[in-house]
Amino acid sequence: MNIEKIKNKLKSFGKSKIKIKVNLGRNKYEYYEGFINKIHPNVFVVETNKGIKAFSYSDVVIKNVILTKFN
């Protein structure tokens with residue numbers, strides 16, 4: 001998966017609620033729920049239940065950040 005595909009996927013989410021799983025290393029994870037706030041050329045900003053977070057597209061490519069649409 002490349003960065004352009006990820007950007008298109010994020011745009012398709014729109015204002016839908018998403019789940020985010022962040023790999024912190026050594027089998028430690030953080031979980032967030034929120035909405036995509038802004039999409040920039042190198043990062044995207046998510047308004048979560050724990051504040052505003054920014055993630056890079058490269059983290060999604062290497063699967064340190066996993067996004068799923070909330071049902």
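This write-up is about the structure you can find in this document. (Residues numbered from 1 in each chain as written. Predicted model: local features only at pLDDT ≥ 70, side-chain atom pairs only at ≥ 80, totals over all residues. Heavy atoms only, no water.)

Examining the side chain of Lys7
Here is the rule we go by: Working definition: helices are DSSP H or I runs of at least four residues, strands are E runs of at least two. Numbering for both runs from the N terminus. For every residue, the accessible area (1.4 Å probe, protein chains only) is compared with the maximum for its type, and the residue is labelled buried under 20%, exposed over 50%, or partly exposed between those bounds. Two N or O atoms form a polar contact when they lie within 3.5 Å of each other; inside protein one atom must be a possible hydrogen donor and the other a possible acceptor, and for residues adjacent in sequence the pair counts only when both atoms belong to side chains. Every residue pair with non-hydrogen atoms within 4.5 Å of one another is taken to be in contact.
By the secondary structure assignment, Lys7 is in helix α1 (residues 3–13). The exposure class of Lys7 is buried, given its relative accessible area of 15%. A distance of 3.2 Å separates a polar side-chain atom of Lys7 from the backbone oxygen of Pro41. Apart from the residues within four sequence positions on either side, Lys7 is in contact with His40, Pro41 and Tyr57.

Quick word on the environment of Lys69
In this structure, Lys69 sits in strand β5 (residues 65–69). On the basis of relative accessibility, which here comes to 43%, the residue Lys69 falls in the partly exposed class. With 32 residues separating them along the chain, Lys69 and Asn37 place their C-alpha atoms 15 Å apart. What Lys69 contacts, discounting residues up to four positions off in sequence, is Phe13, Ser16, Lys17 and Ile18.

Notes on the packing of aromatic side chains
Quick note on the threshold: By convention, a stacked pair of Phe, Tyr or Trp rings (six-membered ring in the case of Trp) has centres within 6.5 Å and planes under 30 degrees apart, an edge-to-face pair has planes over 60 apart, and any other such pair is tilted.
Tallied over the full model, the rule gives three aromatic pairs. Centroid distance Phe44 to Phe55: 5.8 Å. Interplanar angle 40 degrees. Geometry classified as tilted. Of this pair, Phe44 sits in strand β3 (residues 43–48) while Phe55 is found in strand β4 (residues 51–56), placing the two residues eleven residues apart along the sequence. Accessibility expressed as a relative area gives 0% for Phe44, which makes it buried. On the numbers, 5.5 Å between centres and 35 degrees between planes, the contact of Phe44 with Tyr57 is tilted.

A short note on the pattern of salt bridges
Short version of the rule: Between Lys or Arg on one side and Asp or Glu on the other, a salt bridge is scored when a side-chain nitrogen of the former is within 4 Å of a carboxyl oxygen of the latter.
As enumerated under the stated definition, the model contains two salt bridges in all. One salt bridge in this structure joins Lys7 and Glu4, with 4.0 Å as the shortest N-O distance. Within this pair, Lys7 and its partner Glu4 are both found in helix α1, separated by three residues, close to a single helical turn. We classify Glu4 as partly exposed; its relative accessible area is 48%. Note that Glu33 and Lys17 form a salt bridge whose closest N and O atoms lie 3.6 Å from each other. Within this pair, whereas Glu33 is found in strand β2 (residues 28–39), its partner Lys17 is found in the loop between α1 and β1 (18–25), the two being separated by 16 residues in sequence. Assessed through its relative accessible area of 32%, Lys17 is described here as partly exposed.

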